[in-house]
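Reading the structure
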Amino acid sequence: MAQQGAGVDHEQLCCSICLDLLKDPVTVPCGHSYCRRCIERYWNQDDQRGRYSCPQCRHAFIPRPVLKKNTMLAEVVESLKKTGLQAAPPDHCYAGPGDVACDVCTGRRLKAVKTCLQCLVSYCDTHLQPHYQSPAFKRHQLVQASGELQENICSRHNEVRKLFCRTDQQCICYLCSVDEHKGHDTTSAAAERAERQKEVDKSQQNIQQRIQEREKDVKGLHQEVESIKHRADRAVEDSDAIFTELISSMERRRSEVRQLIRDQQERQVSRAEELRRRAGQEVTELRRRHAELEQLSLTEDHIRFLQRYTSSLSTTSESTHPASSHVRPLRHFEDVTVAVSKMRDRLEDILTEEGTNVSEAVNRVDVSLRDTEPKTRAEFLQYSRPITLDPNTAHHFLSLSKGNRKVTMMDNQSHPDHPERFTGRRQVLSREALSGRWYSEVEWSGVCVIAVSHTDISRTGSRYECAFGSNDKSWSLECTEQGYTFIHRGIQTPIPGRVSSRVGVYLDHSAGTLSFYGVSDDTMTVLHTVHTTFTHNLHVGFELYGYGSTAELLCELN
């Protein structure tokens, strides 16, 4: 037996889990063999799943198999042990560049499989066994083998860092807690890890939720892409059919006009030929009579002349009017050309005008490939962009300060005249136009109207032309200590709820969304949301009532 064992490949007698010579070898139903302790420990890690598999071939077993000793392998291993031919570890079990080496091994060191945070030592599988077998190591914490153990040692006291200072947000050792961190809010690293783990788990849940939302968006956008292609192809086909029909109609009309011209040509030519024939006959008859009269004039016998004169003259008097009296100049076909030219010009005008409408209709086709709407204040703050108020629009009773971000109602400020200045209402507009997604917060006091308005809103005139919220060019939120009121086109909508001195304004221009929020700390309460189509440039605006009332666009949001 010993001789047979000596010829056996040692790697065939190694456990694929611990990579050492098999100890108490057992065989699982798929035929692979392991150390009894190794396979039991491996399966114990997955107990909660109720599903057990072979580490090599991944064949699954349900329920957990009953392990039976492999007698033959046990005899071969024992034979090897008796002859002193212990199975040498395969080369891949030794530590190489980038691997964590066992700190206990001597000579050529094996790869470490675990690191003990209490011992601050990394162990290979063989030297790790005492941690599994001896009760003295029961409370030691084993983690994946790590070569960065020095990070766990306090550089000042050379002690293991087991505490966390919440005051300074750093890991410390026990001596640090009674030295430079004395009196600080400290806790165990495990407790702090548990708290931070909750945050990590929550972040993971949020990320997973966002992944699901994004996957849903990707699926929806894929369907939208296919729909765009299908509808565009359908529009091209329909347009081609319409233009083909239009071209056919033009061809038919061209043929009709051509036939009309040819028919009229035939009628008029026939008429002219008839007139020409009749005129020719009359010319022949007149020449004959002219010859008779010529003969009569040459008659020398007076009696004969007089006898023929009466009959000849009467015949001549019966003659029709000259042919020229029956012929009228024909109207030329140039009139037809003029009429067709006018029709062409009108069609070109129609095609130009309607072509512009078609182009605009095509350009209005839009697919917003946008992110989902922000939900938290932190997400809203991603769209915060600083803007300033335009001094040229400020009413004479409004004073700007803080870099033209704050407006206060005061006595007459004697602003110079300007065509953009509000004269009928105590209002002011922002200098910058709002585009895309934009968010800002306004700190107000007194009585204030926060508005989003078209840039071409009237600066003078009646209340309905000029006042924020009183027309279809502006949307406003009136803020008082008694409550909020949303106003658009003069329609007032009271908003119940607690009043906050800070209001958030969110605009998604392309999506047609405008929202006002009451902001308190990191809590945002929706006051009113508008869904419409914005077709003009938009600006932020304020209107103040009562001396001392203020409104400020906050530039540093946190």
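Everything here concerns the structure above.
Below, the structure is looked at part by part. (Residues numbered from 1 in each chain as written. Predicted model: local features only at pLDDT ≥ 70, side-chain atom pairs only at ≥ 80, totals over all residues. Heavy atoms only, no water.)

Quick look at helix 4 (residues 125–133)
Listed as buried for helix 4 are Asp-125, Leu-128, Gln-129 and His-131. Buried residues of helix 4, viewed axially, fall in a sector of 165°; they line one side. Taken together, the buried residues of helix 4 touch helix 2 (36–45), strand 6 (114–116), strand 7 (121–123) and strand 8 (142–144). (Buried < 20%, exposed > 50% of the residue type's maximum accessible area, 1.4 Å probe, protein only. Helix = DSSP H or I, 4+ residues; strand = E, 2+ residues; numbered from the N terminus. Arc of directions from axis to C-beta. Contact = heavy atoms within 4.5 Å.)

A look at the environment of Ser-520
In this fold, Ser-520 is placed in strand 20 (residues 513–520). Ser-520 gets classed as partly exposed once you look at its relative accessible area, which sits at 27%. Once residues lying within four places of it in the same chain are set aside, the contact partners of Ser-520 are Arg-498 and Ser-500.

Some thoughts on the sheet that holds strand 1 (residues 25–27)
Pairing within the open sheet is antiparallel, and its 3 strands lie in the order 2-1-5. Only two strands of the sheet have a single partner each, and these edge strands are strand 2 (33–35) and strand 5 (68–69). Bridge analysis of strand 1 against strand 5 gives 2 bridges, and the strand direction is antiparallel. Residue pairing in the sheet places Thr-27 in a bridge with Lys-68 of strand 5. Sitting on the sheet, helix 2 is in contact with strand 1, strand 2 and strand 5, with an inclination near 90° to strand 2. (Pairing = 2+ DSSP bridges. Axes fitted to C-alpha atoms, helices over the stretch in contact; angles between N-to-C directions.)

Overview of the sheet that holds strand 9 (residues 163–165)
Note on sheets: strands pair through backbone hydrogen bonds, and any given pair is parallel or antiparallel. Taken together, the 3 strands give an open sheet; going across it, the order is 10-9-11, and neighbouring strands pair in antiparallel fashion. One side of each edge strand has no neighbouring strand; the edge strands of this open sheet are strand 10 (170–172) and strand 11 (186–188). On average, adjacent strands in this sheet sit at an angle of 35° to one another, irrespective of strand direction. Both strand 9 and strand 10 contribute to a ladder of 3 bridges, which runs antiparallel. When the sheet's bridge partners are listed, Phe-164 is paired in strand 10 with Cys-171.

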